[in-house]
Amino acid sequence: MKRHLRILAALAALAAVPCVQAARPLVPLYDAAGLTKACDAGIAKARAMIAAMEAKPGPGAIFAEWNRLSIRIEDVGNPIYLLSNVDPDKAVRDAAEPCLQKFTTLNTDLFQSEKLYRRVQAAHPANAHQAKLRKDLIEGFEDSGVSLPPAKRARAKAIFDKLEELRQAFDRNIRDDPTKVVFAPAEMEGMPEAYVAAQKKDADGNYVLGLDYPQFIPFMTRAKSGAARERYYRAKLREGGEANLALLERIFELRKELAGLYGLPSFAAYALRHKMAHDPRTVEKFLGEVHDAVAGLEKSELEELREEKARDLGTPLADTKLERWDVSYYQDRIRRERFAVDEEKLRRYFPTDKAIEYTMLVAQRLYGVKFREVKVRAWHPDVRYFDVLDGRTGRFLSGFYLDLYPREGKYHHAAAFPIRGASRIARRTPLAALVTNFNREGLDSGELETMMHEFGHVMHNVLSEADYDPDAGTAVKMDFVEAPSQMFEEWARREQPLALFREVCPGCPHLTHDDIERMRAARRYGQGIRYARQWLYASFDMALSTDPRPPLAVWKKMEGATPLGYVDGTLFPAGFSHIASNYAAGYYGYMWSQVLALDMLSPFRKDMLDPKVGLRYRKAILSQGGQREEMDMVRDFLGREPSNEAFFEEITGKR
Ligand SMILES: [Zn+2]
C-alpha cells in the first residue's frame, strides 16, 4: 500500500520566518532529551508569537505574520515528525510522541483563536494567492470550531486532542505487534533463495517471519504451500488486534460527535466540505461508477484464478474453492506463464542504485533541474542528501534526503515527508525526505513504481515556489495530493523513458520492446481484483464516516458481500491505519487523484521526456502547491476540462 504522509494534518495549515538561513537547511538531529527541549522551546516561541499576533488590532500584515508563525512551527514540528518515524534511537522516537501531541494542541489553540480569526476575516487580499491563503485559513478556523459557542468549542478541542492520542495508540499497536509466524523449511518452497537466506531461524531450524510487508507480500505471491499462506494471511489480518477495533470504534464515535457540534449529519459531511469532492453524495456516486466498471471484470479474473488453482492441484473445478490467500499466488503464476514476466529476475535489470539514478535523471530532464549529492550528517549513515539546482543557472533551489533501506524500528512503508515548505516572500527553500524499505540489490517493477511515486511527492515539495508556506508543496486538497505522484509512476512503465537505463547502467541487462509490452500486459492483468479491493476500502471508510458502528461488524458485512467473502477470525479494520489517521473519509482520494493523474499524462503522450511539457507542468502544477484551486491548475495545464476517460480505461485494463 503506498502512502503519502502529510505533515501533522494541521501543521500543513500554518506558515513563515523571514529566514536568515544558511544556503543549505538540514534536519536538526537530537538525542531524546535534546528533542524534548527543542520541542518545548519551539512550542513556547510559537505561543509567544501567537500572543503577539492576537494583541494587534485590525488585519495589518496578517498574511506575512502567519507565514512567519507557520515557518517557526514547521521548523520544529516537521523534523520531529520525520524523526519519530526514522530515528534509529528508540528513545528519540518515543520522545517524539508526546511532542507531536503538544503540536496538535497548539494547532487547535491557534485555529480556535477568535482574535486571529477576526484579523484574517477582516484582511483584504492584495492578490489571488493571498485570497487563497485567506480562504484556506478561514476553513482551518471553521474546522477547528472557532465560531462554535464556548462549551462546544471546548468540546471540539478535547476531541481533537483525544483523536491524536487514539491515533498514536492505534499505530503503536500495529508497529509493536509482536506476532511471529513460524514455518518449517519445506514451507519455504517456491521462495527465492535471497528471500529465504534473509529470514531469521529459530533453534529448531524453522523460519520465523514477522508481519512487515517486505516479508509478507513475497510470501503470499510465491510460497507454494496453500496451508502456509493461509496461516500467514490469518496472522497478518489480525495485525493490531482486538484492542485496535475498540480504538477505531471510539475514533469514529468521536468524529461523529465532532460533526454534530457543527450541526452536520456525519463526519463524512464535515471532512468532505473542504475537499475537491465536496460532499458524500459525490463520493458515493464516484465509488458507484468504479464498482460498476470493475465488478464483472473482478468476477471473471477470480474465475480464471480458480481454474488455475484446479489445474495446479489437479482437483476437479467443481470442488475447487479460491481463497483470499490464493489470489496473489495464482495471479503471479499466470503472469509468469502467460506474460513471461518474472518479477524476481527484474531486480537484475533495475539495480537499486541505478534505479535511483534513473528516477533522478528523468526528473532532471523533465523539469530543467540538476541534483548534486552532498555529504551531510543525517540520522543514519545509509541516508543520502542531494541539492536541487536550477539546470541553467545552477542556482540553489531546495534539497532532499533518500532513506531507502529497511532497519529495526524504521517506518514500515514508503512515504515522502515534507520537512520545509517553500515561501517566496520569505525566500524560504523547501526540503523533503523520501523514506522506503527497498531491497539493496535491485527493484522489481512494483518497487520501481513505488520509487517513482514517492519521488513524485518529493518533487511536488521541493520544486514548490509558493508565496506562502502554508500553501506550499503538497499542501493541496487531500483528494488531489496523490495526483503528481501517481502520474510520475508512468515513467516506470513506458519504453521511451526506460531506454535511459542504457545511460545510467550500460552494463545492466536491458528490457526489449517485447519485454516492456509483456510487462504492461501483465500489469493490466488483475485490474478488476485490484480496483474492486480499492472500492471496498473506500466504501468501508465512507460507511464508518457516515454512520459509525462497530467496525468489525460493518466490515464482515461488506467483505462478506464480495465474491471471496469474509474469512472468519480476521480483523482487517484493526490494521487499517489510514482511517485511524487523517485519511478518514478520504481513502477514495487515491482513486479520485488518479482520475486527474492519468488525464494529466495526455500532453506527455507524444514524448515522455519533452522538457517543454515538463517545464509547463512544473510551472502549472508542481510550483503552485495549494495557492490556486486544484481544478484551475489542472485546466490550465491541459487547456481543456478534465476528463475521467483515461481512469476508467485504466481500471478496466484497457489502457
Ligand atoms: Zn502517495
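Look above for the structure.
Here goes a summary of the coordinates provided. This one's a predicted model, so the numbers in the text were calculated from it and none came from an experiment.

Cut-off values and rules
Chains are numbered independently. Their residues run from 1 in the order of the written sequence. Whole-chain, interface and lining totals are the exception, using all residues; otherwise, since this is a predicted model, local features are given only for residues with pLDDT of at least 70 and side-chain atom pairs are given and counted only at 80 or more. To get the side-chain values, all heavy atoms of the structure are used, and hydrogens and water are removed first. Helix and strand definitions follow DSSP, with helices as H or I runs of at least four residues and strands as E runs of at least two, each counted in order from the N terminus. To get the radius of gyration, use the C-alpha atoms; to get the globule rule, take the number of residues to the power 0.38 and multiply by 2.2 Å. Whether two residues are in contact is decided by their heavy atoms, any of which lying within 4.5 Å being enough. Under the convention used here, a 1.4 Å probe and the Shrake-Rupley method define accessible areas, while residue burial counts only the protein chains that appear. Counting rule applied: Lys, Arg positive; Asp, Glu negative; His and chain ends not counted. To locate a charge, the coordinates of NZ of Lys, CZ of Arg, CG of Asp or CD of Glu are taken. A donor here means any N, O or S atom no more than 2.8 Å from the metal (3.2 Å for Na, K and Ca); water is not included, so a site may seem to lack partners. Grid spacing is 1 Å over the protein atoms alone, the probe is 1.4 Å, and a cavity is where that probe fits but cannot get out, while a pocket is an open set with protein on both sides within 12 Å along at least five of seven lines and lining residues have an atom within 4 Å of a point. Grid points are joined across faces, edges and corners, and a volume is the space filled by probe spheres set on the points. Three residue categories are used. Nonpolar comprises Ala, Val, Leu, Ile, Met, Phe, Trp, Tyr, Cys and Pro, charged comprises Asp, Glu, Lys and Arg, and polar comprises the others, including Gly. Residues belong to one nonpolar core when they are buried, are Ala, Val, Leu, Ile, Met, Phe, Trp, Tyr or Cys, and are joined through side-chain atoms within 4.5 Å. For every residue, the accessible area (1.4 Å probe, protein chains only) is compared with the maximum for its type, and the residue is labelled buried under 20%, exposed over 50%, or partly exposed between those bounds. Note on geometry: axes are C-alpha line fits, over the in-contact stretch for helices, and angles between N-to-C directions span 0 to 180 degrees. For a crossing to be left-handed, the near helix must be turned anticlockwise from the far one by less than a right angle; the clockwise case is right-handed. Defined by distance alone, a disulfide is two cysteine sulfur atoms within 2.5 Å. A pair of strands is considered paired only if DSSP assigns at least 2 bridges between the two. A pair of aromatic rings is counted whenever rings of Phe, Tyr or Trp (Trp by its six-membered ring) have centres within 6.5 Å, and the orientation is called stacked for planes under 30 degrees apart, edge-to-face for over 60 and tilted otherwise. Look at NZ for Lys and CZ for Arg. If either is within 6 Å of the ring centre and within 35 degrees of the ring normal, a charge sits over the ring.

A separate point is the overall build of the chain. A count of helices and strands for the chain gives 27 helices and eight strands. The globule rule puts the C-alpha radius of gyration for 655 residues at 26 Å, and the 25 Å found for the chain is close to it. Along the longest, intermediate and shortest principal axes, the C-alpha atoms of the chain span 80 × 55 × 55 Å. Across the chain, every contact between residues at least 6 apart in sequence was considered, and the portion connecting residues at least 24 apart equals 76%. For the chain, the exposed area adds up to about 25,800 Å²; of that, 53% sits on carbon and sulfur atoms. Positive and negative side-chain charges in the chain, numbering 97 and 94 respectively, have mean positions lying 4 Å apart.

So, about the coordination of the zinc ion. Around a metal, the ideal angle is 109.5 degrees if four donors adopt a tetrahedral arrangement and 90 or 180 degrees if six donors adopt an octahedral arrangement. Coordination of the zinc ion by the protein comes from H453 (NE2), H457 (NE2) and E482 (OE), over a distance range of 2.1 Å. Going along the chain, you hit the donors of the zinc ion in the pattern H-x3-H-x24-E. Here H457 and H453 lie together in helix α16 (residues 445-462), a separation of four residues that amounts to about one turn.

Under the counting rule described, the total for this entry stands at four cavities of 30 Å³ or more. Around the second largest cavity sit E490, R493, R520, R523, R524, E649, E650, G653, K654 and R655, which together line it. The element contributing the most residues to the lining of the second largest cavity is helix α20 (residues 513-524), with three residues. Classifying every residue of the lining of the second largest cavity by side-chain character gives no nonpolar, one polar and nine charged.

Moving on: the nonpolar core. The nonpolar side chains of soluble globular proteins are, as a tendency, buried together. F400 and W491 are the most contacted members of the largest nonpolar core, which has 167 residues in total. Looking at this core element by element, the count peaks at eleven residues for helix α21 (residues 527-546). Residues in contact with F400, not counting those within four places in the same chain, are M360, F371, R384, Y385, F386, V388, L431, A432, F455, V458, M459 and V462. In terms of nonpolar packing, the next biggest core, distinct from the first, is built from 51 residues, I43, V86, L137 and Y411 among them.

This next bit is on the packing of helix α8 (residues 213-222) against helix α9 (residues 226-236). In the contact formed by α8 and α9, the axes pass within 10 Å of each other and the chain directions differ by 145°. The way α8 lies across α9 gives a crossing that is left-handed. Every residue of α9 that contacts α8 at Y213, Q215, F216, F219 and M220 is listed here: A228, R229, Y232, Y233 and K236. Residue composition of the contact of α8 with α9, by class: seven nonpolar, one polar and two charged.

Attention shifts here to the side chain of K275. Examined against the element boundaries, K275 turns out to sit in the loop between α11 (267-272) and α12 (280-313). Ignoring anything within four residues of it in the chain, the contact list for K275 reads K477, M478, D479, A584, A585, G586 and Y588.

The next point concerns the state of the cysteines. Under the criterion given, the structure shown has two disulfides. A sulfur-sulfur separation of 2.2 Å characterises the disulfide bridge that pairs C39 with C99. Negative torsions about the S-S bond denote left-handed disulfides, and the value of about 100° found for C39 with C99 makes this one right-handed. Of this pair, C39 sits in helix α1 (residues 32-55) while C99 is found in helix α3 (residues 90-111), placing the two residues 60 residues apart along the sequence.

Spatially, the three strands line up as an open sheet ordered β1-β3-β2, and their pairing is antiparallel. Bordering the open sheet on either side are β1 (181-183) and β2 (200-201), each of which pairs with just one other strand. In terms of strand pairing, β1 meets strand β3 (residues 207-209) through three bridges, oriented antiparallel. Within β3, the position partnered with F183 by the bridge is Y207. Where α9 meets the sheet, it contacts β1 and β3, and its direction lies at approximately 170° from that of β1.

Here the focus is the environment of V294. Considering the arrangement of structural elements, one finds V294 in helix α12. You can call V294 buried: its relative accessible area is 0%. Residues V294 and Y531, spaced 237 residues apart in sequence, show a C-alpha to C-alpha distance of 6.8 Å. Beyond its immediate chain neighbours, meaning those up to four positions away, V294 contacts G528, Y531, A532 and I651.

Counted according to the given criterion, the structure contains 48 aromatic pairs. Aromatic side chains F371 and F455 sit 5.9 Å apart centroid to centroid with 75° between the ring planes, which places their arrangement in the edge-to-face category. Within this pair, whereas F371 is found in strand β4 (residues 369-373), its partner F455 is found in helix α16, the two being separated by 84 residues in sequence. Each member of the pair, F371 as well as F455, is classed as buried. Centre to centre, the rings of F386 and F400 are 5.4 Å apart; their planes meet at 20°, and the pair counts as stacked. Linking F386 in strand β5 (residues 384-390) with F400 in strand β6 (residues 396-403), this pair joins segments that are 14 residues apart in sequence. A single burial state applies to F386 and to F400, both of which are buried. A network of ring pairs unites the aromatic residues Y367, F371, F386, F400, F455, F488, W491, F604, Y617 and F637 as a single cluster. Positioned above the aromatic ring of Y329 is the side chain of R229, whose terminal nitrogen or guanidinium carbon lies 4.0 Å from the ring centre.

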